[in-house]
Amino acid sequence: MDVEKPKKESLALSEPMEVVKPKDEKKRTGYHWVMIGIPHKGNGLDFEKYSWGQNLQEVTINVPVPAGTKSGFVTCEIKKNRIKIGLKAQEPIIDGEFFHPVNPDDCFWNIEDQKMISVLLTKQDQMEWW
């Protein structure tokens, strides 16, 4: 998968992944997801063009942008199952589906110090880790 243009995968799955089956499927069911990325203390991952973290209620996405970026240059669409973030007249930085749904009316974004887009997403199920 291409981190530059995550189109069909969720934010949580936008990096290359490998699925590993348990050695003894009688004892454990399902698959283990092995993320190729840099985990951090915010219960998320750092990718080349953005990072995300979470608690049980919310997910925060941080997208670095050129210094001096103003809110009028930003495009941010947050829907129940999808997000698109970028700068006007450019390819989106993030364009993908969520791992689980969010409450779009309770989500917002802002520019921090004119160099970072910060997005706060409120999870629909606030008792589930992504």
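Scoring rules and cut-offs
- Residues numbered from 1 in each chain as written.
- Predicted model: local features only at pLDDT ≥ 70, side-chain atom pairs only at ≥ 80, totals over all residues.
- Heavy atoms only, no water.
- Phe/Tyr/Trp six-rings, centres within 6.5 Å; stacked < 30°, edge-to-face > 60°.
- Buried < 20%, exposed > 50% of the residue type's maximum accessible area, 1.4 Å probe, protein only.
- Helix = DSSP H or I, 4+ residues; strand = E, 2+ residues; numbered from the N terminus.
- Core = buried A, V, L, I, M, F, W, Y, C linked by side-chain atoms within 4.5 Å.
- Contact = heavy atoms within 4.5 Å.
- Disulfide = S-S within 2.5 Å.
- Pairing = 2+ DSSP bridges.

Looking at an unreviewed UniProt entry, the protein carries the name Protein BOBBER 2-like, with the source organism given as Camelina sativa.

(A) Representation of the packing of aromatic side chains within the structure. Enumeration over the complete set of coordinates arrives at two aromatic pairs. Summarising the aromatic geometry, the rings of phenylalanine 47 and tyrosine 50 are spaced 5.0 Å apart at their centres and angled 55° between planes, so their arrangement reads as tilted. We classify phenylalanine 47 as buried; its relative accessible area is 10%. Measuring from ring centre to ring centre gives 5.8 Å for phenylalanine 98 and tryptophan 130, while their planes differ by 45°; the resulting arrangement is tilted. Remark: tryptophan 130 occurs in the segment after β11 (116-122) and phenylalanine 98 occurs in the loop between β9 (94-97) and β10 (108-112); sequence separation between them is 32 residues. This pair shows no difference in class: phenylalanine 98 is buried, exactly as tryptophan 130 is.

(B) Region of the structure containing the nonpolar core. Formed by 23 residues in total, the largest nonpolar core has its most connected members in Ile61, Ile83, Ile85, Val119 and Leu121. Those elements that provide at least two residues to this core are β6 (58-64), β7 (74-78), β8 (82-87) and β11. Leaving out residues up to four positions away in the same chain, isoleucine 85 has contacts with Ile61, Val63, Thr75, Cys76, Pro92, Ile93, Ile94, Ile117 and Val119.

(C) Here's a closer look at the state of the cysteines. Scanning all chains against the criterion turns up zero disulfides. This cysteine, cysteine 76, is not joined by any disulfide, and cysteine 107 carries the nearest cysteine sulfur, 9.1 Å off. Classification of cysteine 107 by relative accessible area gives buried; the value is 13%.

(D) Looking closely at the environment of valine 65. Mapped onto the elements of the fold, valine 65 is located in the loop between β6 and β7. Here the alpha-carbon distance between valine 65 and leucine 87, two residues 22 residues apart in the chain, equals 8.5 Å. If we ignore the near neighbours within four places in the chain, the residues touching valine 65 are Leu87, Ile93, Lys115, Met116 and Ile117.

(E) The arrangement of the pairing of strand β5 (residues 51-54) in detail. Taking every second residue as pointing to the same face, both faces of β5 are buried, with Ser51 and Gly53 on one and Trp52 and Gln54 on the other. Where strand β4 (residues 44-46) and β5 come together, two bridges link them in antiparallel fashion. Residue pairing for β5: aspartate 46 is matched across the bridge by serine 51. Connecting the antiparallel pair β4 and β5 is a turn made up of four residues. In terms of strand pairing, β5 meets β6 through four bridges, oriented antiparallel. Across the sheet, residue glycine 53 finds its bridge partner in β6, namely threonine 60.

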